[in-house]
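So you can see what is in the structure, the chains are spelled out below.
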Amino acid sequence: MAGRRFEVEVGPVAHGGHCVARVEDRVVFVRHALPGERVVLEITEGTEGDKFWRGDAVEVLAPSPDRVAAPCPYAGPGLCGGCDFQHVGVPAQRALKADVVREQLRRLARLDVTVEAVPGDQDGLRWRTRQRYVPLPDGGRGMRKHRSHDVIPVEECLLEAPGGPSYEVRGRSFEVADGGFWQVHPGAPEALVGAVLDALDPKPGESALDLYAGVGLFSRFLSEAVGPTGRVLAVEGDAAASALAERNCPGITAVPGDVGSVLAAGLPGAWGHADLVVLDPPRVGAKRAVVEQVVARGPRAVAYVACDPSALARDVAIFAEHGYRLASLRAFDLFPMTHHVECVAKFERS
Ligand SMILES: C[S@@+](CC[C@H](N)C(=O)[O-])C[C@H]1O[C@@H](n2cnc3c(N)ncnc32)[C@H](O)[C@@H]1O
(Lines give C-alpha, C1' and ligand atoms only; values in the text may rest on other atoms or scores of the structure.)
Protein backbone atom coordinates (compact mmCIF):
# COMPACT_ATOMS: atom_id res chain seq x y z
CA MET A 1 0.00 0.00 0.00
CA ALA A 2 3.03 2.28 0.38
CA GLY A 3 2.62 5.39 -1.74
CA ARG A 4 -1.20 5.35 -1.91
CA ARG A 5 -2.86 8.62 -0.93
CA PHE A 6 -6.14 9.33 0.84
CA GLU A 7 -7.87 12.46 2.13
CA VAL A 8 -8.67 11.94 5.83
CA GLU A 9 -9.92 13.64 8.99
CA VAL A 10 -7.28 13.26 11.70
CA GLY A 11 -8.39 11.92 15.07
CA PRO A 12 -6.74 11.97 18.51
CA VAL A 13 -3.08 11.48 19.26
CA ALA A 14 -2.09 7.93 20.23
CA HIS A 15 0.71 6.43 22.30
CA GLY A 16 3.87 6.95 20.25
CA GLY A 17 2.84 10.47 19.21
CA HIS A 18 1.13 9.65 15.93
CA CYS A 19 -2.49 10.62 15.33
CA VAL A 20 -5.19 8.11 14.53
CA ALA A 21 -7.14 8.28 11.27
CA ARG A 22 -9.37 5.76 9.50
CA VAL A 23 -9.20 4.58 5.92
CA GLU A 24 -11.72 1.97 4.80
CA ASP A 25 -12.36 0.82 8.40
CA ARG A 26 -8.65 0.44 9.01
CA VAL A 27 -6.69 2.43 11.59
CA VAL A 28 -3.79 4.46 10.22
CA PHE A 29 -1.17 6.05 12.49
CA VAL A 30 -0.37 9.39 10.90
CA ARG A 31 2.81 11.38 11.43
CA HIS A 32 3.14 15.13 10.88
CA ALA A 33 -0.57 15.66 11.58
CA LEU A 34 -2.60 17.17 14.41
CA PRO A 35 -5.98 16.16 15.83
CA GLY A 36 -8.87 17.80 13.96
CA GLU A 37 -6.92 18.45 10.76
CA ARG A 38 -7.95 17.43 7.26
CA VAL A 39 -4.90 16.13 5.43
CA VAL A 40 -3.71 14.16 2.44
CA LEU A 41 -2.28 11.02 3.94
CA GLU A 42 0.39 9.00 2.13
CA ILE A 43 0.73 5.41 3.31
CA THR A 44 4.31 4.55 4.24
CA GLU A 45 3.85 1.05 5.71
CA GLY A 46 1.17 -1.62 5.51
CA THR A 47 -0.24 -4.30 3.27
CA GLU A 48 -3.85 -5.31 2.47
CA GLY A 49 -3.71 -7.94 5.21
CA ASP A 50 -2.44 -5.65 7.99
CA LYS A 51 -4.72 -4.52 10.82
CA PHE A 52 -3.25 -1.02 10.74
CA TRP A 53 -1.13 1.08 8.44
CA ARG A 54 1.30 3.92 8.96
CA GLY A 55 1.46 7.09 6.95
CA ASP A 56 2.56 10.71 6.69
CA ALA A 57 0.44 13.83 6.28
CA VAL A 58 1.98 15.13 3.03
CA GLU A 59 -0.46 18.00 2.49
CA VAL A 60 -2.52 19.87 5.05
CA LEU A 61 -5.94 20.87 3.70
CA ALA A 62 -7.40 22.28 6.93
CA PRO A 63 -4.70 23.08 9.53
CA SER A 64 -5.09 22.99 13.31
CA PRO A 65 -4.60 26.34 15.11
CA ASP A 66 -1.78 24.55 16.98
CA ARG A 67 0.22 24.00 13.77
CA VAL A 68 3.45 26.03 13.40
CA ALA A 69 6.20 26.17 10.81
CA ALA A 70 8.84 23.63 11.91
CA PRO A 71 11.91 25.44 13.31
CA CYS A 72 14.14 22.74 11.77
CA PRO A 73 14.61 22.55 7.98
CA TYR A 74 15.09 18.77 8.20
CA ALA A 75 11.73 18.07 9.88
CA GLY A 76 8.84 16.79 7.78
CA PRO A 77 7.63 13.80 5.76
CA GLY A 78 10.53 11.71 4.42
CA LEU A 79 13.14 13.80 6.23
CA CYS A 80 14.90 13.41 9.61
CA GLY A 81 13.18 10.86 11.86
CA GLY A 82 14.34 12.40 15.13
CA CYS A 83 11.43 14.72 15.96
CA ASP A 84 7.71 13.98 15.84
CA PHE A 85 6.34 17.34 16.95
CA GLN A 86 8.29 20.10 15.14
CA HIS A 87 5.04 21.11 13.42
CA VAL A 88 3.31 21.71 16.78
CA GLY A 89 3.68 24.78 19.04
CA VAL A 90 5.48 23.86 22.28
CA PRO A 91 2.47 24.42 24.62
CA ALA A 92 0.33 22.27 22.29
CA GLN A 93 3.05 19.55 22.25
CA ARG A 94 2.73 19.39 26.04
CA ALA A 95 -1.07 19.21 25.80
CA LEU A 96 -0.78 16.29 23.33
CA LYS A 97 1.59 14.46 25.67
CA ALA A 98 -0.83 15.01 28.55
CA ASP A 99 -3.59 13.50 26.36
CA VAL A 100 -1.41 10.42 25.79
CA VAL A 101 -0.69 9.98 29.52
CA ARG A 102 -4.40 10.43 30.34
CA GLU A 103 -5.37 7.93 27.67
CA GLN A 104 -2.87 5.33 28.90
CA LEU A 105 -4.10 5.73 32.49
CA ARG A 106 -7.78 6.15 31.53
CA ARG A 107 -8.98 3.49 33.96
CA LEU A 108 -8.10 5.93 36.76
CA ALA A 109 -11.09 8.20 36.65
CA ARG A 110 -10.66 11.97 36.32
CA LEU A 111 -6.89 11.93 36.26
CA ASP A 112 -5.65 15.49 36.09
CA VAL A 113 -2.41 15.62 34.05
CA THR A 114 -0.36 18.55 32.89
CA VAL A 115 3.05 18.19 31.28
CA GLU A 116 5.52 20.55 32.94
CA ALA A 117 8.47 22.27 31.26
CA VAL A 118 11.77 21.55 33.00
CA PRO A 119 14.03 24.27 34.45
CA GLY A 120 15.73 26.35 31.78
CA ASP A 121 13.63 25.17 28.83
CA GLN A 122 12.39 28.14 26.78
CA ASP A 123 11.45 27.02 23.31
CA GLY A 124 12.05 23.27 23.26
CA LEU A 125 15.30 23.62 21.26
CA ARG A 126 19.01 23.28 22.18
CA TRP A 127 18.48 20.82 25.03
CA ARG A 128 20.08 17.61 23.78
CA THR A 129 23.44 17.34 25.58
CA ARG A 130 24.23 14.12 23.70
CA GLN A 131 23.49 13.80 20.02
CA ARG A 132 24.20 10.87 17.72
CA TYR A 133 24.85 11.84 14.10
CA VAL A 134 25.56 9.19 11.47
CA PRO A 135 28.97 9.78 9.82
CA LEU A 136 28.70 10.03 6.01
CA PRO A 137 31.34 8.76 3.51
CA ASP A 138 31.98 12.35 2.30
CA GLY A 139 33.03 13.38 5.81
CA GLY A 140 29.67 15.02 6.54
CA ARG A 141 27.06 13.80 8.98
CA GLY A 142 23.44 12.85 8.88
CA MET A 143 20.39 11.60 10.74
CA ARG A 144 18.23 8.55 10.08
CA LYS A 145 14.77 8.85 8.59
CA HIS A 146 11.80 7.64 10.62
CA ARG A 147 11.76 3.80 10.97
CA SER A 148 14.46 3.50 8.32
CA HIS A 149 18.19 2.92 7.89
CA ASP A 150 18.28 5.65 5.24
CA VAL A 151 20.28 8.69 6.28
CA ILE A 152 19.74 12.30 5.23
CA PRO A 153 22.66 14.72 5.41
CA VAL A 154 22.20 17.23 8.24
CA GLU A 155 24.42 20.20 8.95
CA GLU A 156 23.15 20.80 12.43
CA CYS A 157 20.43 19.46 14.71
CA LEU A 158 18.54 22.29 16.41
CA LEU A 159 18.00 20.12 19.50
CA GLU A 160 21.74 19.89 20.18
CA ALA A 161 22.79 21.87 23.26
CA PRO A 162 25.85 24.10 23.07
CA GLY A 163 28.48 22.63 25.41
CA GLY A 164 28.31 19.20 26.97
CA PRO A 165 26.22 17.91 29.84
CA SER A 166 26.55 19.29 33.35
CA TYR A 167 26.89 16.67 36.02
CA GLU A 168 26.05 19.08 38.82
CA VAL A 169 22.62 19.01 40.49
CA ARG A 170 21.61 21.20 43.45
CA GLY A 171 25.26 22.00 44.10
CA ARG A 172 26.32 18.32 44.17
CA SER A 173 28.55 16.90 41.45
CA PHE A 174 28.34 13.43 39.97
CA GLU A 175 30.92 11.31 38.18
CA VAL A 176 29.52 9.60 35.07
CA ALA A 177 31.40 7.11 32.85
CA ASP A 178 31.84 7.90 29.13
CA GLY A 179 28.68 6.62 27.44
CA GLY A 180 27.06 5.87 30.80
CA PHE A 181 23.46 6.90 31.56
CA TRP A 182 22.75 10.51 32.50
CA GLN A 183 19.64 12.53 31.73
CA VAL A 184 19.98 14.18 28.31
CA HIS A 185 18.07 17.39 29.03
CA PRO A 186 20.12 19.67 31.30
CA GLY A 187 16.98 20.59 33.28
CA ALA A 188 15.91 16.96 33.79
CA PRO A 189 17.94 15.93 36.87
CA GLU A 190 16.74 18.98 38.80
CA ALA A 191 13.08 18.39 37.84
CA LEU A 192 13.16 14.66 38.61
CA VAL A 193 15.03 14.98 41.92
CA GLY A 194 12.48 17.61 43.01
CA ALA A 195 9.53 15.42 42.00
CA VAL A 196 10.94 12.27 43.64
CA LEU A 197 11.73 14.05 46.91
CA ASP A 198 8.27 15.71 46.93
CA ALA A 199 6.63 12.32 46.35
CA LEU A 200 8.59 10.49 49.07
CA ASP A 201 9.07 13.26 51.64
CA PRO A 202 11.98 11.32 53.21
CA LYS A 203 12.50 11.70 56.97
CA PRO A 204 15.65 11.32 59.06
CA GLY A 205 16.18 7.70 60.09
CA GLU A 206 14.21 6.15 57.20
CA SER A 207 15.42 3.38 54.91
CA ALA A 208 15.26 3.88 51.13
CA LEU A 209 15.85 1.61 48.13
CA ASP A 210 16.91 3.25 44.86
CA LEU A 211 16.23 0.71 42.09
CA TYR A 212 17.68 1.24 38.58
CA ALA A 213 19.88 3.78 40.31
CA GLY A 214 22.37 4.74 37.57
CA VAL A 215 25.24 6.71 39.13
CA GLY A 216 23.13 7.56 42.17
CA LEU A 217 21.22 10.72 41.21
CA PHE A 218 18.34 9.98 43.60
CA SER A 219 20.44 8.05 46.15
CA ARG A 220 22.55 11.12 46.79
CA PHE A 221 19.64 13.31 47.86
CA LEU A 222 17.79 10.51 49.64
CA SER A 223 20.91 9.76 51.63
CA GLU A 224 21.22 13.41 52.70
CA ALA A 225 17.52 13.51 53.66
CA VAL A 226 17.48 10.30 55.75
CA GLY A 227 20.74 11.38 57.40
CA PRO A 228 23.23 9.31 59.41
CA THR A 229 20.49 7.38 61.23
CA GLY A 230 18.86 6.31 57.96
CA ARG A 231 20.21 4.20 55.12
CA VAL A 232 20.05 3.92 51.33
CA LEU A 233 20.72 0.94 49.10
CA ALA A 234 21.05 1.42 45.33
CA VAL A 235 20.68 -1.39 42.77
CA GLU A 236 21.98 -0.81 39.23
CA GLY A 237 22.65 -3.25 36.39
CA ASP A 238 25.68 -1.49 34.89
CA ALA A 239 28.59 -2.44 37.15
CA ALA A 240 30.60 0.69 36.27
CA ALA A 241 27.63 2.96 37.09
CA SER A 242 27.04 1.07 40.33
CA ALA A 243 30.65 1.61 41.40
CA LEU A 244 30.30 5.32 40.57
CA ALA A 245 27.05 5.51 42.58
CA GLU A 246 28.97 4.41 45.66
CA ARG A 247 31.59 7.11 44.99
CA ASN A 248 29.00 9.79 44.22
CA CYS A 249 26.89 9.05 47.30
CA PRO A 250 29.01 8.71 50.44
CA GLY A 251 27.52 6.29 52.95
CA ILE A 252 25.14 4.37 50.67
CA THR A 253 25.41 0.70 49.73
CA ALA A 254 25.50 0.05 45.97
CA VAL A 255 24.69 -3.42 44.68
CA PRO A 256 25.45 -4.16 41.02
CA GLY A 257 23.08 -6.50 39.20
CA ASP A 258 19.68 -7.05 37.67
CA VAL A 259 17.05 -5.51 39.98
CA GLY A 260 14.70 -8.50 39.79
CA SER A 261 17.44 -11.05 40.55
CA VAL A 262 19.03 -8.96 43.31
CA LEU A 263 15.69 -8.44 45.09
CA ALA A 264 14.69 -12.09 44.67
CA ALA A 265 18.05 -13.30 46.00
CA GLY A 266 17.64 -11.12 49.12
CA LEU A 267 19.48 -7.88 49.78
CA PRO A 268 22.54 -7.70 52.00
CA GLY A 269 21.57 -6.49 55.52
CA ALA A 270 18.09 -6.15 56.99
CA TRP A 271 16.14 -5.07 53.90
CA GLY A 272 13.06 -7.21 54.42
CA HIS A 273 11.35 -3.83 54.97
CA ALA A 274 12.07 -0.48 53.29
CA ASP A 275 10.30 2.77 54.18
CA LEU A 276 10.77 4.30 50.74
CA VAL A 277 11.47 3.02 47.22
CA VAL A 278 12.46 4.79 44.00
CA LEU A 279 11.89 2.86 40.78
CA ASP A 280 13.37 4.28 37.57
CA PRO A 281 13.22 1.37 35.13
CA PRO A 282 13.94 1.37 31.38
CA ARG A 283 11.07 1.68 28.85
CA VAL A 284 9.66 -1.80 29.50
CA GLY A 285 8.74 -0.77 33.05
CA ALA A 286 9.38 -2.58 36.33
CA LYS A 287 6.97 -5.47 35.57
CA ARG A 288 5.25 -7.87 37.93
CA ALA A 289 8.20 -9.67 39.57
CA VAL A 290 9.91 -6.42 40.58
CA VAL A 291 6.69 -4.67 41.67
CA GLU A 292 5.86 -7.68 43.86
CA GLN A 293 9.34 -7.62 45.42
CA VAL A 294 8.86 -3.91 46.13
CA VAL A 295 5.42 -4.15 47.76
CA ALA A 296 6.58 -7.17 49.78
CA ARG A 297 8.91 -4.76 51.61
CA GLY A 298 5.91 -2.69 52.75
CA PRO A 299 7.16 0.80 51.81
CA ARG A 300 5.08 3.75 53.00
CA ALA A 301 5.74 5.46 49.63
CA VAL A 302 7.11 4.51 46.21
CA ALA A 303 8.25 7.06 43.61
CA TYR A 304 8.14 5.57 40.12
CA VAL A 305 9.94 7.47 37.33
CA ALA A 306 8.49 6.25 34.03
CA CYS A 307 9.59 7.03 30.48
CA ASP A 308 6.73 5.05 28.91
CA PRO A 309 3.20 5.82 30.14
CA SER A 310 1.82 2.51 28.82
CA ALA A 311 4.39 0.48 30.81
CA LEU A 312 3.55 2.66 33.82
CA ALA A 313 -0.17 1.93 33.33
CA ARG A 314 0.51 -1.84 33.39
CA ASP A 315 2.54 -1.48 36.59
CA VAL A 316 -0.13 0.77 38.20
CA ALA A 317 -2.53 -2.17 37.88
CA ILE A 318 -0.05 -4.53 39.58
CA PHE A 319 0.53 -2.07 42.45
CA ALA A 320 -3.27 -1.80 42.83
CA GLU A 321 -3.63 -5.60 43.07
CA HIS A 322 -1.31 -5.39 46.07
CA GLY A 323 -3.12 -2.56 47.82
CA TYR A 324 -0.98 0.35 46.59
CA ARG A 325 -2.86 3.19 44.92
CA LEU A 326 -1.57 5.86 42.57
CA ALA A 327 -1.55 8.84 44.95
CA SER A 328 -0.16 11.47 42.56
CA LEU A 329 1.22 11.81 39.07
CA ARG A 330 3.38 14.50 37.52
CA ALA A 331 4.62 14.57 33.95
CA PHE A 332 7.63 16.41 32.50
CA ASP A 333 8.68 17.48 29.03
CA LEU A 334 12.24 16.10 29.11
CA PHE A 335 12.27 15.58 25.32
CA PRO A 336 10.64 18.58 23.59
CA MET A 337 9.82 18.22 19.86
CA THR A 338 9.53 14.44 20.30
CA HIS A 339 6.53 12.46 21.55
CA HIS A 340 8.39 11.27 24.64
CA VAL A 341 7.09 12.20 28.08
CA GLU A 342 8.44 11.33 31.53
CA CYS A 343 6.12 10.67 34.46
CA VAL A 344 6.78 10.60 38.19
CA ALA A 345 4.11 8.59 39.97
CA LYS A 346 3.68 8.23 43.71
CA PHE A 347 2.20 5.05 45.17
CA GLU A 348 1.05 4.58 48.73
CA ARG A 349 -0.97 1.96 50.58
CA SER A 350 -4.68 2.39 49.98
C1 LIG B 1 16.32 5.47 33.20
S2 LIG B 1 17.91 5.04 33.79
C3 LIG B 1 17.86 5.80 35.38
C4 LIG B 1 19.15 6.00 36.10
C5 LIG B 1 19.10 6.91 37.32
N6 LIG B 1 17.97 6.66 38.18
C7 LIG B 1 19.13 8.37 36.91
O8 LIG B 1 18.07 9.02 36.89
O9 LIG B 1 20.21 8.87 36.57
C10 LIG B 1 17.71 3.36 34.08
C11 LIG B 1 18.91 2.65 34.65
O12 LIG B 1 18.54 1.28 34.88
C13 LIG B 1 19.62 0.44 34.53
N14 LIG B 1 18.99 -0.86 34.23
C15 LIG B 1 18.29 -1.22 33.13
N16 LIG B 1 17.78 -2.46 33.28
C17 LIG B 1 18.17 -2.88 34.51
C18 LIG B 1 17.95 -4.07 35.26
N19 LIG B 1 17.21 -5.07 34.77
N20 LIG B 1 18.47 -4.17 36.49
C21 LIG B 1 19.23 -3.16 36.99
N22 LIG B 1 19.46 -2.00 36.35
C23 LIG B 1 18.94 -1.86 35.12
C24 LIG B 1 20.32 1.14 33.39
O25 LIG B 1 21.68 0.75 33.33
C26 LIG B 1 20.13 2.61 33.76
O27 LIG B 1 21.23 3.08 34.52
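- Under an unreviewed UniProt entry, the name given to the protein chain is TRAM domain-containing protein, and the organism recorded is Nocardioides daeguensis.

**A closer look at the sheet that holds strand β18 (residues 342-349)**
Line of reasoning, step 1. The strand order across the open sheet formed by eight strands is β6-β17-β18-β16-β15-β12-β13-β14, and the pairing between neighbours is mixed. Two strands close off the open sheet at either side, each with one partner strand: β6 (115-116) and β14 (253-256).
Line of reasoning, step 2. Bridge count between strand β17 (residues 324-332) and β18: eight bridges; the pairing is antiparallel. Across the sheet, the residue bridging to R325 is E348, located in β18.
Line of reasoning, step 3. Of the strands in this sheet, β15 (276-279), β16 (301-306), β17 and β18 are in contact with helix α2 (residues 188-200), which crosses β16 at around 155°.
Line of reasoning, step 4. Where helix α6 (residues 287-295) meets the sheet, its contacts fall on β12 (207-211), β15, β16 and β17, and the angle it forms with β15 comes to roughly 165°.

**A word on the packing of helix α1 (residues 90-104) against helix α7 (residues 309-321)**
Relative placement of two packed helices is described by the angle separating their axes and the distance separating the axes.
Line of reasoning, step 1. Here α1 crosses α7 at 30°, and the two axes come no closer than 9 Å. The angle between α1 and α7 falls in the class roughly parallel. Here α1 and α7 pass one another in a crossing that is right-handed. Of the residues in α7, those touching α1 at V100, V101 and Q104 are P309, S310 and A313.
Line of reasoning, step 2. A breakdown of the residues in the contact of α1 with α7 according to their chemical character gives four nonpolar, two polar and no charged.

**Here we look at empty space enclosed by the protein**
Line of reasoning, step 1. Tallied over the full model, the rule gives two cavities of 30 Å³ or more.
Line of reasoning, step 2. In this structure, the largest cavity spans a volume of roughly 90 Å³.
Line of reasoning, step 3. Lining the largest cavity we find 13 residues, and of these G16, V100, H339, H340 and V341 sit closest to its centre.
Line of reasoning, step 4. Looking at side-chain class alone, the lining of the largest cavity contains six nonpolar, five polar and two charged residues.
Line of reasoning, step 5. Along its surface, the second largest cavity is lined by T129, P165, S166, W182, Q183, V184, H185 and P186.
Line of reasoning, step 6. Partitioning the lining of the second largest cavity into residue classes produces four nonpolar, four polar and no charged.

**Brief notes about the UniProt feature "domain: TRAM" (unreviewed entry) in the protein chain**
Line of reasoning, step 1. What UniProt calls "domain: TRAM" (unreviewed entry) maps, in this numbering, to residues 1-59.
Line of reasoning, step 2. Between the end C-alpha atoms of residues 1-59 the distance is 18 Å, and the span holds 0% helix and 54% strand.

**A short note on the nonpolar core**
Line of reasoning, step 1. Within the largest apolar cluster, 54 residues are counted, with the highest numbers of intra-cluster contacts made by V196, L200, L217, F218 and F332.
Line of reasoning, step 2. A per-element tally of this core places α2 first, with nine residues.
Line of reasoning, step 3. For this core, the domains that each give at least three residues are domain 1 (5-80) and domain 2 (168-349).
Line of reasoning, step 4. Those residues in contact with F332 that lie beyond four places of it in its chain are V115, E116, V118, A191, L192, A195, V341, E342 and V344.

Definitions and limits used
Residues numbered from 1 in each chain as written. Predicted model: local features only at pLDDT ≥ 70, side-chain atom pairs only at ≥ 80, totals over all residues. Heavy atoms only, no water. Pairing = 2+ DSSP bridges. Helix = DSSP H or I, 4+ residues; strand = E, 2+ residues; numbered from the N terminus. Contact = heavy atoms within 4.5 Å. Axes fitted to C-alpha atoms, helices over the stretch in contact; angles between N-to-C directions. Parallel < 35°, antiparallel > 145°, perpendicular 65-115°, else oblique. Left-handed = near helix turned anticlockwise from the far one by under 90°. Nonpolar A, V, L, I, M, F, W, Y, C, P; charged D, E, K, R; others polar. 1 Å grid on protein atoms, 1.4 Å probe; cavity = no way out; pocket = protein on both sides within 12 Å on 5 of 7 lines; lining within 4 Å. Points joined across faces, edges and corners; volume = space filled by probe spheres on them. UniProt positions renumbered as here; feature names shortened; annotations may be inferred. Core = buried A, V, L, I, M, F, W, Y, C linked by side-chain atoms within 4.5 Å. Buried < 20%, exposed > 50% of the residue type's maximum accessible area, 1.4 Å probe, protein only. Domains from an automatic or database assignment.

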